[in-house]
Each structure stands twice: as structure tokens, then as C-alpha cells.
Amino acid sequence: MPTTQTLDYDAPEKPSRRTMFTGGAVLATATVAVGAAVSANAAAMRYSDSDILNFALNLEYLEAEYYARGVTGLTLDQTMSTTLGGQVRGGRKVTFSTPVRRGFLEDVARNEVAHVNFLRTAVDTPVARATIDFSAGFAAVAQAAGLGAGFDPFADEISFYLGAMLFEDVGVTAYKGASPLLKSRKILTAAAGILAVEAYHAGVVRSVLYKMGSQAQDGAKRISDLRDMLDGPEMLDQAISISGQANIVPANENSIAFSRTTAHVLNIAFANPSVGITMGGFFPEGINGRINAT
């Protein structure tokens, strides 16, 4: 995996999810952390803040398009009254069982559109939206997760919230992972603010899924396990319940969220755990910008 895109995995999971570290495991973890910190410094020298924000913009396009279509039935182009770039395949308006559950995601949809707007103005030359394929992307991740090849996140309320969980948890860890690379304090402050909003989103989505019962909890666990399978050997992801107890906040014993590398984020987005991949999954033609490979 390219060292220029590696960030520090700084938060092991809660002890309830895994066995406690032995002395050898602690040493190995420390060695990995030191190496990752050096790699993060190398990445900071190679990539500008605009490169990093454009990487984030690709993912915000994906999220905003998902919610626009599922919550309002409109495309992002229609929502923003502009033409953003590549084609988007799949997606349609979802029927919600209660105004509250719909209202939660209406708020999320507004936030994600605002993130796209902000990033497009924060970058001197913002990237266009890459081609997005929700049908192929969710088919790939659903089959790998054991949700069934016919899984459609736009088919019903539970499925749509599961799709939202796939994106929101990744968003939180991606912004945290990018923070060591940003040089401008102003941009870092803005990125921290976006991370906080993504964390609110993830908390709402995980809470609603937990209250939906065993079917939703099982689907959420499958998605969590899938992300762990795609994004490397560290096994940092967490489901919404552990040992029968609610686990709304995925964090370590100090309640600190973990980080994902840009490469690992793309492993999930491309639905492929391999090194050097530049397209697949939700982005059949790849993403735009300088940071574009696993």
C-alpha cells in the first residue's frame, strides 16, 4: 500500500470486542503507529490541503447523492440546480414508516449538500463528481457482507439506514485520518467541524438501527464486518451491539474514534481489499483528484 497515503491507526477497539493485548502485541502496535506517523508526514509533504479536500469532496458527492435520491427523490444536480459531473446510476425515493425517521435523514441530506457546497468553494479547483453507481456498488458490498446479491438500500427504510451506516461511519474515520495531513489551521478547523457533523449523523443512524431490532442489528454487524474485511487487518470497526449491549459509539477504551487511511477508505468505496486499485464498487471509473488509489 502506498506509504504516502497512510495515516495513524491510533485507537484500538474496546476490550469487549477483542482479547487484551499481550506484551508482544503492544510492541507490534507501537511499531506500526510509529511507522504510520512517519508515513503521514511523508504524505503531508506530497499532498496539498486542496488535494485532501478534493479527496473528501468525492466522498461528499457520494453521500449527498445517496440522501438526495433516497429522501427527496431528486438528483443532486436537481437539488443544487447545477451540473456536477459524471453520471449517477441507481437510487430512488424511499418510503419511511414514521415522520421522525424520515425527518432525521432529511436533516442529514441538507447537511451533506451543504458539505458539497462548502468544499467546492474551499478548493481553488474543485473536482467534478465522478461517475457513481449505487446499483453495482451496493450489489458488491452486499454480496460480500452476506446481505444477499439482491440487496437494494432504496427498497425500504431498514435497508436505507443500513446503506447510510456504511457511509457515515467511514466519513467519521476518514476525516479523523486526514487531520494530520492538513497544513492550514483554518482548513483543519473546518474539517473538524465536518467530522463532528458526520459523527452526529453516524450516531443517529446507529441509534435508529439499534431500535429497529434484530434484523437491523444483524445487517449492521454484517456491514461492520465487511468494512473490517475490506480496509485492512486491524479489525477496528464495531457493530451497533456487542455482547447484547448497545454500542452506538465505535471507539476505544478512552472513547476516542479511530482513523482510516485514504487507501482504506477507497478499499471500501471500491469494494476491493487489494492494493493499487483505482476503481470499482461505487466508483466504476475511479475518483477525481490526485489521491485516487488504494
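These figures come from a predicted structure and were not determined experimentally.

(A) Geometry of the overall build of the protein. When you go through the protein residue by residue, the secondary structure sums to 9 helices and 4 strands. For the protein, the N- to C-terminal ordering of α and β elements is α-α-α-β-α-β-α-α-α-α-β-β-α. Residues counted as buried form 49% of the 294 residues belonging to the protein. Carbon together with sulfur atoms contributes 58% to the accessible area of the protein, which is approximately 12,500 Å² in total.

(B) Inspection of the packing of aromatic side chains at higher detail. Under the defined criterion, the tally for this structure stands at 16 aromatic pairs. Between Phe134 and Phe138, the ring centres sit 6.4 Å apart and the planes meet at 25°, which makes this aromatic pair stacked. With Phe134 and Phe138 both in helix H5 (residues 134–145) and 4 residues apart, the pair spans about one turn of that helix. Each member of the pair, Phe134 as well as Phe138, is classed as buried. A ring pair is formed by Phe134 and Phe154, whose centres lie 5.8 Å apart and whose planes are at 75°; its orientation type is edge-to-face. Here Phe134 is found in helix H5, whereas its partner Phe154 is found in the loop between H5 and helix H6 (157–178), with 20 residues between them in sequence. Across this residue pair, the class does not change: Phe134 and Phe154 are buried.

(C) Local environment of the packing of H6 against helix H8 (residues 214–230). Remark: H6 packs on H8, axes separated minimally by 10 Å, with the N-to-C direction vectors making an angle of 35°. As for the relative orientation of H6 and H8, their crossing is right-handed in sense. Taken together, the residues of H8 that come into contact with H6 (itself represented by Ile158, Leu162, Met165, Leu166, Asp169 and Val170) are Gln215, Ala216, Gly219, Ala220, Ile223, Ser224 and Arg227. Among the residues forming the contact of H6 with H8, the class breakdown is 8 nonpolar, 3 polar and 2 charged.

(D) Structural view of the confidence of the model for the protein. Of the residues in the protein, 85% have a pLDDT of 70 or more, and the chain-wide mean is 87. Below a pLDDT of 50 lies the segment residues 1–41, which in the model reaches 86 contacts outside its immediate sequence neighbourhood of four places, other chains included.

(E) Quick peek at the packing of H5 against H8. The N-to-C vectors of H5 and H8 enclose an angle of 100°; their axes lie 9 Å apart at closest approach. Between H5 and H8, the angle falls in the class roughly perpendicular. Seen from H5, the contacting residues are Val141, Ala144 and Ala145; seen from H8, they are Arg222, Leu226 and Met229. When grouped by side-chain class, the residues that make up the contact of H5 with H8 number 5 nonpolar, no polar and 1 charged.

(F) Expanded view of the side chain of Asp51. Note that Asp51 resides in helix H2 (residues 49–72). Within the local environment of Asp51, its side chain forms a polar contact with the backbone nitrogen of Ser48, the two atoms lying 3.0 Å apart. With residues near it in sequence (within four places) discarded, Asp51 still touches Arg46, Arg290 and Ile291.

(G) The pattern of salt bridges, seen in detail. Summed over all chains, the structure comprises 16 salt bridges. Of the charged contacts, one joins Arg206 and Asp169 as a salt bridge, the two residues approaching to 2.7 Å between their closest N and O atoms. Taken as a pair, Arg206 in helix H7 (residues 185–212) and Asp169 in helix H6 lie far apart in primary sequence, 37 residues in all. For the residue pair Arg206 and Asp169, the accessibility class agrees, reading buried in each case. With a shortest N-O distance of 2.6 Å, Arg260 and Asp237 are connected by a salt bridge. Remark: Asp237 occurs in the loop between H8 and strand E3 (241–242) and Arg260 occurs in the loop between strand E4 (245–246) and helix H9 (262–269); sequence separation between them is 23 residues. For the pair Arg260 and Asp237, a shared accessibility class is recorded, and that class is buried. Sharing partners across several salt bridges, the network here consists of Asp169, Arg206, Arg227, Asp231, Asp237 and Arg260.

(H) Summary view of unusual backbone geometry. Of note in the backbone geometry, Met235 takes a positive phi value of approximately 55° without being a glycine. With respect to the helices and strands, Met235 occurs in the loop between H8 and E3. Positioned with a positive phi, Ser255 is a non-glycine residue whose angle comes to about 55°. Tracing the sequence through the fold places Ser255 in the loop between E4 and H9. Judged by its relative accessible area of 60%, Ser255 falls in the exposed class.

(I) Seen up close, H5. Look at H5: 16 Å from first C-alpha to last across 12 residues, which is about the 16 Å you get at 1.5 Å a residue. If you check which residues of H5 are buried, you get Phe134, Gly137, Phe138, Val141, Ala142 and Ala145. Relative to the axis of H5, the buried residues are bounded by an arc of 115° and lie together on one face. The elements touched by buried residues of H5 are H2, strand E1 (88–89), strand E2 (132–133), H6, H8 and H9. One side-chain oxygen of the residue at the start of H5 lies 3.1 Å from the amide nitrogen of Ser135, identifying that residue as Asp133. Looking one or two residues past H5, Gly146 carries a phi angle of roughly 80°, positive in sign.

About the thresholds
- Residues numbered from 1 in each chain as written.
- Predicted model: local features only at pLDDT ≥ 70, side-chain atom pairs only at ≥ 80, totals over all residues.
- Heavy atoms only, no water.
- Helix = DSSP H or I, 4+ residues; strand = E, 2+ residues; numbered from the N terminus.
- Buried < 20%, exposed > 50% of the residue type's maximum accessible area, 1.4 Å probe, protein only.
- Areas by Shrake-Rupley, 256 points an atom, 1.4 Å probe, with all protein chains shown as cover.
- Phe/Tyr/Trp six-rings, centres within 6.5 Å; stacked < 30°, edge-to-face > 60°.
- Axes fitted to C-alpha atoms, helices over the stretch in contact; angles between N-to-C directions.
- Left-handed = near helix turned anticlockwise from the far one by under 90°.
- Contact = heavy atoms within 4.5 Å.
- Nonpolar A, V, L, I, M, F, W, Y, C, P; charged D, E, K, R; others polar.
- pLDDT = per-residue confidence, 0-100.
- Parallel < 35°, antiparallel > 145°, perpendicular 65-115°, else oblique.
- Polar contact = N/O pair within 3.5 Å; in protein donor to acceptor, adjacent residues only side chain to side chain.
- Salt bridge = Lys/Arg side-chain N within 4 Å of Asp/Glu carboxyl O.
- Expected span 1.5 Å × (residues − 1).
- Arc of directions from axis to C-beta.

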